[in-house]
2 protein chains.
Amino acid sequence: MTGRLIRDVIVPALDRGRLGPLPDSVVLSDLGDAIAYTTDSFTVSPIFFPGGDIGSLAVHGTCNDLACSAARPMFLSLGLILEEGLPMDQLERILHSVSEAADEAGVEIVTGDTKVVPKGSADGVFINTSGLGRVDRSNRALTETICEGDEILVSGPVGNHGMAVMLSRAEFSFDFDLQSDSASIWPVVERLTALGPGLKFLRDPTRGGLSATLNEIGSATGLGLRIEESAIPLDKPVLAAAEMLGIDPLQAANEGKVVAVVGRGLGSKALDILRDCRQAAGSAVIGKITAENPSKVILTTRIGGARVLAEPSGELLPRIC
Amino acid sequence: MTGRLIRDVIVPALDRGRLGPLPDSVVLSDLGDAIAYTTDSFTVSPIFFPGGDIGSLAVHGTCNDLACSAARPMFLSLGLILEEGLPMDQLERILHSVSEAADEAGVEIVTGDTKVVPKGSADGVFINTSGLGRVDRSNRALTETICEGDEILVSGPVGNHGMAVMLSRAEFSFDFDLQSDSASIWPVVERLTALGPGLKFLRDPTRGGLSATLNEIGSATGLGLRIEESAIPLDKPVLAAAEMLGIDPLQAANEGKVVAVVGRGLGSKALDILRDCRQAAGSAVIGKITAENPSKVILTTRIGGARVLAEPSGELLPRIC
């Protein structure tokens, strides 16, 4: 529904030629160097969850949108909307977490704004970050060059953020050893750019999870995707929690992973490049681009069957990021 | 209180050398050309008011922060946080207003994000915009060069935005012919840059009004300001409304005005430069920088007395922008 709102109402009202393709961030060359620019608001609930909080998420989320434009994240803005009565120690924890995440991601918070609204007019804290990154044009991943035989890669186990936030909601009281994967993916992307034009697509599978991102590749190229279910990296606690809650972990959000499309035969080279990269532990080639089944994602199941992996139709969970 | 929160809690947690001076926007040269970058969140209530709405305000507010760094506003991001149940026609009116304001200000919305939160988790709509502008280094207004005898200028009547929003709150039912001044001030600033190094300071007197901005000049320079009360441009309906509500119009917010400090003797030249500028109608030289009364703003009243114009201690009205 939000997707339709954006496509049918918001973009048509504001597009002057750069909003339409809905990339992770826009690349501006009018300002000298090629600069990637993006924005994201964070309304996650609860604001603290295993493996992170709204502060670290707000830094990583925007850094990752820049990284998916093959841009090195450099500068962030920070807009805080605070609900009157937010405990000061919670604000301080969040700021500490922003600061730590920014240092780790190698970005600097260079401008900010703080608004306090009366109790009841917001829910604790909302954060907007926008970000600027430097693009090396030779690194641009070009979706147009994707073709049959290209290989699809994911940088590690999927579904952890979505499941961790879901389980930390008050209404659940299961005890799984499960943390959000919230992290900057730039170190992964930077290594992958060594593939040059062999790197064709980058996206972080946030809302809608791996499933949404794979379907996006299908829609963008008009080609098919064949994914091996057994090749998709999944942590045991994620599988266990997903099973118990009756949720498809492939639709659960990620905040520290990247899905890449690389040229035919380059999958194993990509895994080699990522071997020493801590942020890409558990990365795997999960499938291929096909000429059959145009625009569709076909999942080859463990028992040898095949099913269509549909685009998630509703959000599993509102306020996941 | 918000000011103290920013200075004592937020900036210390995040500053890596560029946040401390709290300028309207930061100027980045690491990305090639000198680029100004700023962010602002808008939580104004009500979202529609005479002379504008939260959409036009979100465009003008960020353009004006860029303009105050003598940067030509070029690109904006738009982050929407929508409360579930916001009527679609209201959203469409706001987007239309964003679009119109952006065209008029000569900026392009190049990236965006939309989050929908459950009913009760936000109040209608909050908007964050960030913005990028191009800085011509020769145009930089340098506060350090302000000295005794410099002249203080305001680009038109003050208090209109604050009074218009206040009167449109449900709790008031007076009928004044009064509109927000919400507009881009770049056309005013661009003309003033013709003064070269004679242009020493630029600020848009938003929250806290003219009074807050004048006190800021005092604090930043350690010099005194002598302001002629009779020279301050004020529209009659603003005066009438302010009197009826017992409010100081000098503390009421503006969203389309600029306060400038120009060199000794340059005040009338500045007014000449602005004569054909529609956005600077009613501009006036209102006072001078003095060596006496360091860091204080002294108002010479109409009846010849003098009083200290104190920094506004509380916000007249929360959610004014």
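Here, the structure is the one placed above.
This one's a predicted model, so the numbers in the text were calculated from it and none came from an experiment.

### Overview of the overall build of chain A
Secondary structure assignment for chain A yields eight helices and 14 strands. Principal-axis analysis of the C-alpha atoms gives chain A an extent of 55 × 55 × 45 Å. Put simply, chain A has 321 residues, and 59% of those count as buried. Only carbon and sulfur atoms are counted for the fraction: they give 49% of the accessible area of chain A, which is about 12200 Å². Here chain A contributes 28 positive and 41 negative side-chain charges, whose respective centroids are spaced 5 Å apart.

### Observations regarding the relation of the copies chain B and chain A
By a simple turn and slide, chain B fits onto chain A: the slide is 0.0 Å along the axis, the RMSD is 0.0 Å, and the turn is 180°. Taken together, the rotation and translation describe the operation of a two-fold axis. Of every C-alpha in chain B, the one belonging to A122 of chain B sits nearest the axis of rotation, 2.1 Å from it. Residue by residue, 100% of the interface of chain B is reproduced at the interface of chain A, so both copies engage with the same surface.

### Some details on the interface of chain B and chain A
Interface extent is often summarised as the accessible area lost during association of the parts. Every contact between the two is made by 63 residues of chain B and, on the other side, 63 residues of chain A. Counting each side, the surface lost to burial between chain B and chain A is near 5600 Å², with a carbon and sulfur contribution of 66%. The tally of links from chain B across to chain A stands at two salt bridges. Of the charged contacts, one joins D40 of chain A and K115 of chain B as a salt bridge, the two residues approaching to 2.9 Å between their closest N and O atoms. Between chain B and chain A we count 15 residue pairs in polar contact (both at pLDDT 80 or more) in total.

### Thoughts on the pattern of salt bridges
Within this structure, the stated rule accounts for 16 salt bridges over all chains. Taking the shortest distance from any N to any O, the salt bridge between R203 of chain A and E216 of chain A comes out at 2.2 Å. Remark: E216 of chain A occurs in helix α6 (residues 209-221) and R203 of chain A occurs in strand β9 (residues 199-203); sequence separation between them is 13 residues. K257 of chain B is the salt-bridge partner of D181 of chain B, the closest N and O atoms lying 3.0 Å from each other. In this pair, D181 of chain B is assigned in the loop between α4 (160-168) and α5 (186-192) and K257 of chain B in the loop between α7 (236-245) and β11 (259-262), connecting sequence segments 76 residues apart. Exposure remark for K257 of chain B: the relative accessible area of 8% places this residue in the buried category. It is possible to trace a salt-bridge network through shared partners that takes in D40 of chain A together with D113 and K115 of chain B.

### Concerning the packing of α4 of chain B against α7 of chain B
All names here are of chain B. The interhelical angle for the contact between α4 and α7, taken along N-to-C directions, is 55°, at an axis separation of 10 Å. In terms of their interaxial angle, α4 and α7 are classed as oblique. The interaxial crossing formed by α4 with α7 has left-handed handedness. In this structure, α4 contributes N160, M163, M166 and L167 to the contact, and α7 contributes V238, A241, A242 and L245. Across the contact of α4 with α7, the residue classes break down as seven nonpolar, one polar and no charged.

### Focus on helix α4 (residues 160-168) of chain A
Helical periodicity: at 3.6 residues per turn, an α-helix aligns residues three or four positions apart in one direction. Residue and element names in this part refer to chain A. Across the nine residues that make up α4, a large majority, eight, are buried. Along α4, the residues classified as buried are N160, H161, G162, M163, A164, V165, M166 and L167. Buried residues along α4 sit against β3 (48-49), α2 (54-67) and α7 (236-245).

### What about the side chain of T62 of chain B?
Residues and elements named next belong to chain B. Turning to its location among the elements, T62 is positioned in helix α2 (residues 54-67). Given a relative accessible area of 0%, T62 falls into the buried group. With residues near it in sequence (within four places) discarded, T62 still touches T38, D40, F42, L76, T129, S130 and G131.

Rules behind the numbers
- Residues numbered from 1 in each chain as written.
- Chains lettered and ligands numbered in written order.
- Predicted model: local features only at pLDDT ≥ 70, side-chain atom pairs only at ≥ 80, totals over all residues.
- Heavy atoms only, no water.
- Helix = DSSP H or I, 4+ residues; strand = E, 2+ residues; numbered from the N terminus.
- Buried < 20%, exposed > 50% of the residue type's maximum accessible area, 1.4 Å probe, protein only.
- Areas by Shrake-Rupley, 256 points an atom, 1.4 Å probe, with all protein chains shown as cover.
- Lys, Arg positive; Asp, Glu negative; His and termini not counted.
- Charge placed at Lys NZ, Arg CZ, Asp CG, Glu CD.
- Least-squares fit on C-alpha atoms with pLDDT ≥ 70 in both.
- Contact = heavy atoms within 4.5 Å.
- Buried area = accessible area lost by both parts, 1.4 Å probe.
- Salt bridge = Lys/Arg side-chain N within 4 Å of Asp/Glu carboxyl O.
- Polar contact = N/O pair within 3.5 Å; in protein donor to acceptor, adjacent residues only side chain to side chain.
- Axes fitted to C-alpha atoms, helices over the stretch in contact; angles between N-to-C directions.
- Parallel < 35°, antiparallel > 145°, perpendicular 65-115°, else oblique.
- Left-handed = near helix turned anticlockwise from the far one by under 90°.
- Nonpolar A, V, L, I, M, F, W, Y, C, P; charged D, E, K, R; others polar.

The values reported here are purely geometric and, on their own, carry no functional implication.
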